[in-house]
Protein chains: 2
Amino acid sequence: MPEKRRALSNAAELERRIPKAVIKRLSLYSRVLQNLEIAQREKVSSRELAAQLGLNSAQVRKDLAHFGQFGVPGLGYYVADLRRNIKGILGTDRGVRLALVGVGNLGSALLSYGGFQRQGFQMIAAFDSDRRKVGSSRAGVAIHDVGDLSRVIRVERVDIAVLAVPVDHAQGVCDSLVDAGITAILNFVPAYLAVPDHVKVHYVDLSIEIESLSYYLR
Amino acid sequence: MPEKRRALSNAAELERRIPKAVIKRLSLYSRVLQNLEIAQREKVSSRELAAQLGLNSAQVRKDLAHFGQFGVPGLGYYVADLRRNIKGILGTDRGVRLALVGVGNLGSALLSYGGFQRQGFQMIAAFDSDRRKVGSSRAGVAIHDVGDLSRVIRVERVDIAVLAVPVDHAQGVCDSLVDAGITAILNFVPAYLAVPDHVKVHYVDLSIEIESLSYYLR
DNA sequence: TAGATTGTTAATCGATTAACAATC
DNA sequence: TAGATTGTTAATCGATTAACAATC
C-alpha cells in the first residue's frame, strides 16, 4: 500500500507548495542583496531586508525558510551567500535565454531597453511577420520570420518567450510557442492566453495598471 | 455616544474595504466588455466573463456585488450597461491625465507605444533633466525640465505620474512628485519607493517578472 | 555572558470557491 | 411555467503577522 503522500521528490511537486508571491519576492531580495554586495556589506538582518522593500521581517524569514536555513541566529544573513543561494533557487545563475515575438512599437522598445541583458538574461532572437523587418536586426538581435518560430526556438534552446504581437494574433502565436516547447511566456499583449497546465504565463499590462491606479485617485 | 462604526461615507473609507485584487479585475472586465460591445453582444453571463479571463464565475459575481446589483437573475448582465458602470467606478470615464518623468530608453518607448492614449488616458507632459531633450517633443508630448516638475504638474492638473528615471534618482524624483501633489505613481524603476500613506504606487518590473518566470522552467 | 536575531508555530487576516435560495 | 443565472452565505484555501524558544 503506497503512503498517502509522497515526499517532495521533484521540482514540479515542490513548486506547487511554494506560494507564487514568495517567488516574486525572492527576486526582490536578490536585487537588494546585489546592492548590498556592491556596498560591501557582509551581513544583513531580515529586519533591514524587509525595511528596504516595505515588507514585514517575519515574512522575509518565512519566505527564505521555505528553501532551507540560510541565516545565523543573532547575526542575520551573509549577503553574498544568501544572494548566491537565491540565484540558484530562481535558476538565474545559468543564463536564461529569451526570445521576443513581435517587433512593433513595444517590441522594439523592449529590445533597445536593455534591462534584460543587464540582469544576466540573454535575448537570443526576435520574430516578426513583416517582410521588411525580417533579416535585419535591432539592438544586436536578429529578426526572424515567424514562420521559423518553431525551428529557431528549438535550435537556440529558448527558455522564455516575450510576447508583444498585435492583440488579435496573440492566442495563435501563443499556441505556436507552446507547440515549439515553450513553457514560460511573458505576455505584454492585453489579452488572456489559454495555455496547457504545464505552461506558465506572466502578464504585464500597462493599461490595466493605469486603470486600477485611477480608482485610487481621491 | 457615537456608533461603533460609521457608515461608509466617503471614497477613502470605501477603498479600504475593496480588496486590491478586485480593482485589478475590474479593469479586466472592462476590457472584455469593450470587446463584447464591439461584437454587438447585448448580454453576458458571469460564466462567460469568467471563462474569457480564466477566472471563476462566483468570483466575477462577488467582485461586481461589491459595488451594487448590476445583473438580472436568469439573464446575466447587460454588456453596455455593466461596462458604463465599471468605467464609472474606476473613474476612467473622465479622461485621466498622465505625465512621464524620465525620457530615456524606456520612457521614449512608453511615449511612442501609444497604448495609453488608446484607452482614453491622456499623456499631458514629459520631463527630463537632459538639456538636449528639454524643449523638444516626442510622439507629440512636450519635454519639460524636471526643475519645472511641480509647476507643470499643478498647472496641467496631472493625475498620475509614470516614473522611468535612472534608479539612483527614483526616490528623489518620487519625493518631488509627492510634494507636487501627485497621489498615484506608476513606477517602472526597479526600486522600492517610500511614500506617505495617501500615495499609491504600482510597480511594473520587467526583470522581476523574468526572474520569477525562470523559477518555473522545468 | 548579554544582546540580537533566527526559524517556526499559532493567530490573524484576506481572498477564492461552492452551494443554493431568490429572481427573472 | 421551466430553465437559467444572479446575489449572497458558508466553507475552504492561502498568505501575512505576531510571538517566542532556540541559537549564535
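Residues numbered from 1 in each chain as written. Chains lettered and ligands numbered in written order. Predicted model: local features only at pLDDT ≥ 70, side-chain atom pairs only at ≥ 80, totals over all residues. Heavy atoms only, no water.

Q: What am I meant to see in empty space enclosed by the protein here?
A: A probe matching the size of a water molecule, rolled over the atoms, marks out where space remains unfilled. In this structure the tally under the stated criterion is three cavities of 30 Å³ or more. Its boundaries defined by the atoms lining it, the largest cavity holds a volume of some 90 Å³. Lining the largest cavity we find 13 residues, and of these A:Leu106, A:Leu110, B:Leu106, B:Leu110 and B:Phe188 sit closest to its centre. Those elements that provide at least two residues to the lining of the largest cavity are α6 (105-113) of chain A together with α6 (105-113) of chain B. Broken down by element, the residue count for the lining of the largest cavity peaks at four residues, all from α6(B). (1 Å grid on protein atoms, 1.4 Å probe; cavity = no way out; pocket = protein on both sides within 12 Å on 5 of 7 lines; lining within 4 Å. Points joined across faces, edges and corners; volume = space filled by probe spheres on them. Helix = DSSP H or I, 4+ residues; strand = E, 2+ residues; numbered from the N terminus.)

Q: What is the right way to read the protein's contact with DNA strand C from this model?
A: By nearness alone, 23 residues border DNA strand C, and A:Ser46, A:Arg61, A:Gly71, A:Tyr77 and B:Arg25 come closest of all. Among the atoms of DNA strand C close to the protein, meaning within 4 Å, 67% are from sugar or phosphate groups. Between B:Asn56 and DNA strand C, the recorded distance is 3.3 Å, taken from a side-chain N or O atom to a phosphate oxygen. Here a sugar or linking oxygen of DNA strand C and a side-chain polar atom of B:Gln59 are 3.1 Å apart. Listing elements by their share of the surface near DNA strand C, those giving two or more residues are α4 (57-65), β2 (71-72) and β3 (76-78) of chain A together with α4 (57-65) of chain B. Considering each element in turn, the surface near DNA strand C owes the most residues, four residues, to α4(B). Taken together, the residues of the surface near DNA strand C break down into nine nonpolar, nine polar and five charged. (Near = heavy atom within 4 Å. Polar contact = N/O pair within 3.5 Å; in protein donor to acceptor, adjacent residues only side chain to side chain. Nonpolar A, V, L, I, M, F, W, Y, C, P; charged D, E, K, R; others polar.)

Q: What exactly am I supposed to notice about the packing of helix α2 (residues 20-38) of chain B against α4(B) here?
A: Geometry of a packed helix pair, given as the angle between the helix axes and the separation of the axes. Residue and element names in this part refer to chain B. Between α2 and α4, the shortest axis-to-axis distance is 10 Å and the interhelical angle comes to 105°. Between α2 and α4, the interaxial angle falls into the category roughly perpendicular. Counted together, Val22, Arg25, Leu26 and Tyr29 of α2 and Gln59, Val60, Asp63 and Leu64 of α4 form the full contact between these two elements. When its residues are assigned to classes, the contact of α2 with α4 shows five nonpolar, one polar and two charged. (Axes fitted to C-alpha atoms, helices over the stretch in contact; angles between N-to-C directions. Parallel < 35°, antiparallel > 145°, perpendicular 65-115°, else oblique. Contact = heavy atoms within 4.5 Å.)

Q: It is not clear to me how the sheet that holds β3(A) should be interpreted in this structure. Could you clarify?
A: Hydrogen bonding along the main chain pairs the strands of a sheet, whether they run parallel or antiparallel. All names here are of chain A. A sheet is described by the order of its strands in space; here three strands give the open sequence β1-β3-β2, paired in antiparallel fashion. Looking at the sheet topology across the chains shown, the edges are occupied by β1 (43-44) and β2. Bridge count between β2 and β3: two bridges; the pairing is antiparallel. Counterpart to Gly71 in the pairing with β3 is Tyr77. (Pairing = 2+ DSSP bridges.)

Q: Can you walk me through the relation of the copies chain B and chain A in this structure?
A: What relates the two chain copies is a rotation about an axis together with a slide along it. With an axial shift of 0.0 Å and an RMSD of 0.0 Å, the rotation relating chain B to chain A amounts to 180°. The superposition operator between the copies reduces to a two-fold rotation axis. When C-alpha distances to the rotation axis are compared across chain B, the minimum falls at B:Ala109, with a value of 2.5 Å. Taken as a fraction of all interface residues of chain B, those also at the interface in chain A reach 100%, which identifies the copy contact as same-surface. (Least-squares fit on C-alpha atoms with pLDDT ≥ 70 in both.)

Q: How do you make sense of helix α9 (residues 170-179) of chain A when you look at a structure like this?
A: Note that an α-helix has 3.6 residues per turn; residues three or four places apart therefore point the same way. Residue and element names in this part refer to chain A. When we look at burial in α9, the residues that qualify are Ala170, Val173, Cys174, Leu177 and Val178. With its buried residues spanning 145° around the axis, α9 presents them on a single face. Gly181 sits one or two positions beyond α9 and adopts a positive phi of about 100°. (Buried < 20%, exposed > 50% of the residue type's maximum accessible area, 1.4 Å probe, protein only. Arc of directions from axis to C-beta.)

Q: When you look at the protein's contact with DNA strand D in this model, what are you seeing that I'm missing?
A: If you check the shell around DNA strand D, you find 23 residues, and the closest are A:Arg25, B:Ser46, B:Gly71, B:Gly74 and B:Tyr77. Counting only the atoms of DNA strand D that lie within 4 Å of the protein, the sugar and phosphate share comes to 67%. At 2.9 Å, a side-chain N or O of A:Arg25 approaches a phosphate oxygen of DNA strand D. In this structure, A:Gln59 approaches DNA strand D through a side-chain N or O atom, which is 3.1 Å from a sugar or linking oxygen. The element best represented in the surface near DNA strand D is α4(A), accounting for four residues. Of the residues that constitute the surface near DNA strand D, the class distribution is nine nonpolar, nine polar and five charged.

Q: Teacher, can you tell me more about the environment of B:Gly76 here?
A: Tracing the backbone through its elements, the reader meets B:Gly76 in strand β3 (residues 76-78). For B:Gly76, the residues in contact, after removing those within four places along its chain, are B:Val44, B:Ser45 and B:Gly71.

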